[in-house]
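Observations on the three-dimensional arrangement
Single-letter residue listing:
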Amino acid sequence: MKKQWDIFIAFFRIGMLGFGGGPASIPLMRKEAVEKYKWLDEDEFTDMLSISNTLPGPIATKLAGYIGYRVSGWIGMLNALAASVIPTVLLVIILLRTLSEVREFDWVKGMTAAVVAVVGMMMAVLTWQFLHKAGKGLGWVRAIIMLAVIFVVLNYLHIHPGIVIGFLLIVAFVLPVKKKEKEGEHS
């Protein structure tokens, strides 16, 4: 029962604090699943995020469902999904009703501007962590070249990110993996 409570609280907290949509929830999910509860390690979270981005639907619910399932099977998945959706539904109803009445006040405009800055910084930190991991795995030159190519493909050729990720997954499956020989061993 404690495990189910932990799952509910973790994803309820994410649902309450994930202002800015699914992508803004990713750093919060990483914090809960990797750092606080240690349900996943950094590599597992990164892999799960990459695969989740190729699937249709909101990223936050896909991640919540997978993590919940990974931690506690089908019940954990349903628990995580409910916990991540309930706050959003309730807050949207309350917030939209309230904001429609007070949206012209300066303090409301200032609050939303501040939240956008915080979400932007959280996304920048997550981007740096992914780039750092890519630099370690691919080498910095390859990672930066790949970053530049993907930037052009996404922003100037307007190819959907899911197609790019799917293509990269196919390339990863097709290309042979080179194993490094340990020092002192001969083939």
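Notes on the structure follow.

1. Some points on the packing of helix α2 (residues 22–36) against helix α4 (residues 59–102)
Between α2 and α4, the least distance of the axes is 8 Å, while the angle of their chain directions is 20 degrees. One way to sum up the angle between α2 and α4 is to call them roughly parallel. Here α2 contributes G22, P23, S25, I26, M29 and A33 to the contact with α4, which in turn contributes I59, A60, L63, A64 and I67. When grouped by side-chain class, the residues that make up the contact of α2 with α4 number 9 nonpolar, 2 polar and no charged.

2. A closer look at the nonpolar core
Residues F11, M29, W39, F45 and I67 are the most contacted members of the largest nonpolar core, which totals 24 residues. Those elements that place two or more of their residues in this core are α1 (2–17), α2, α3 (42–54) and α4. With 8 residues, the top contributor of residues to this core is α4. In this structure I67 touches F11, A33, W39, L40, F45 and M48, once residues within four positions along its chain are discounted.

3. Side note on α3
Between its first and last C-alpha atoms α3 spans 19 Å; for 13 residues at 1.5 Å apiece the expected length is 18 Å, and the two agree. Those residues of α3 that are buried lie in contact with α2, α4 and α5 (106–138). Where α3 begins, the capping side chain belongs to D41, and its oxygen is found 3.1 Å from the backbone nitrogen of D43.

4. Topic: the packing of aromatic side chains
Scanning the entire structure with this criterion turns up 7 aromatic pairs. Look at F11 and W39: their rings are 6.4 Å apart centre to centre, the planes differ by 10 degrees, and that puts the pair in the stacked class. One end of the pair, F11, is in helix α1; the other, W39, is in the loop between α2 and α3, and 28 residues separate them in sequence. With respect to burial, F11 and W39 carry one shared label: buried. Of the aromatic side chains, those joined through ring pairs into one cluster are W5, F8 and F12.

5. With respect to the pattern of salt bridges
Tallied over the full model, the rule gives 7 salt bridges. Note that R13 and E32 form a salt bridge whose closest N and O atoms lie 2.8 Å from each other. Remark: E32 occurs in helix α2 and R13 occurs in helix α1; sequence separation between them is 19 residues. Note on E32: relative accessible area 9%, which makes it buried. Between R30 and E35 there is a salt bridge whose closest N-O contact spans 2.7 Å. A cluster of three or more residues bridged by salt bridges with shared partners is formed by R30, K31, E35 and E42.

6. Observations regarding unusual backbone geometry
Of all residues except glycine, most have a negative phi; of all peptide bonds, most are trans. Its identity is not glycine, yet K38 carries a phi of approximately 55 degrees, on the positive side. Mapped onto the secondary structure, K38 falls in the loop between α2 and α3. Using a relative accessible area of 63% as the deciding quantity, one classes K38 as exposed. Phi is positive for H158, which is not a glycine, with a value near 55 degrees. Tracing the backbone through its elements, the reader meets H158 in the loop between α6 (140–155) and α7 (161–174).

7. Some remarks on the packing of α3 against α7
Running from N to C, α3 and α7 cross one another at 125 degrees; their axes reach a closest spacing of 8 Å. Viewed along their axes, α3 and α7 adopt a mutual orientation that is oblique. Crossing geometry of α3 relative to α7 is assigned as left-handed. For the pair formed by α3 and α7, the contact residues are S50, N53 and T54 on the first element and G162, I165, G166 and L169 on the second.

Rules used throughout
Residues numbered from 1 in each chain as written. Predicted model: local features only at pLDDT ≥ 70, side-chain atom pairs only at ≥ 80, totals over all residues. Heavy atoms only, no water. Axes fitted to C-alpha atoms, helices over the stretch in contact; angles between N-to-C directions. Helix = DSSP H or I, 4+ residues; strand = E, 2+ residues; numbered from the N terminus. Parallel < 35°, antiparallel > 145°, perpendicular 65-115°, else oblique. Contact = heavy atoms within 4.5 Å. Nonpolar A, V, L, I, M, F, W, Y, C, P; charged D, E, K, R; others polar. Core = buried A, V, L, I, M, F, W, Y, C linked by side-chain atoms within 4.5 Å. Buried < 20%, exposed > 50% of the residue type's maximum accessible area, 1.4 Å probe, protein only. Expected span 1.5 Å × (residues − 1). Polar contact = N/O pair within 3.5 Å; in protein donor to acceptor, adjacent residues only side chain to side chain. Phe/Tyr/Trp six-rings, centres within 6.5 Å; stacked < 30°, edge-to-face > 60°. Salt bridge = Lys/Arg side-chain N within 4 Å of Asp/Glu carboxyl O. Left-handed = near helix turned anticlockwise from the far one by under 90°.

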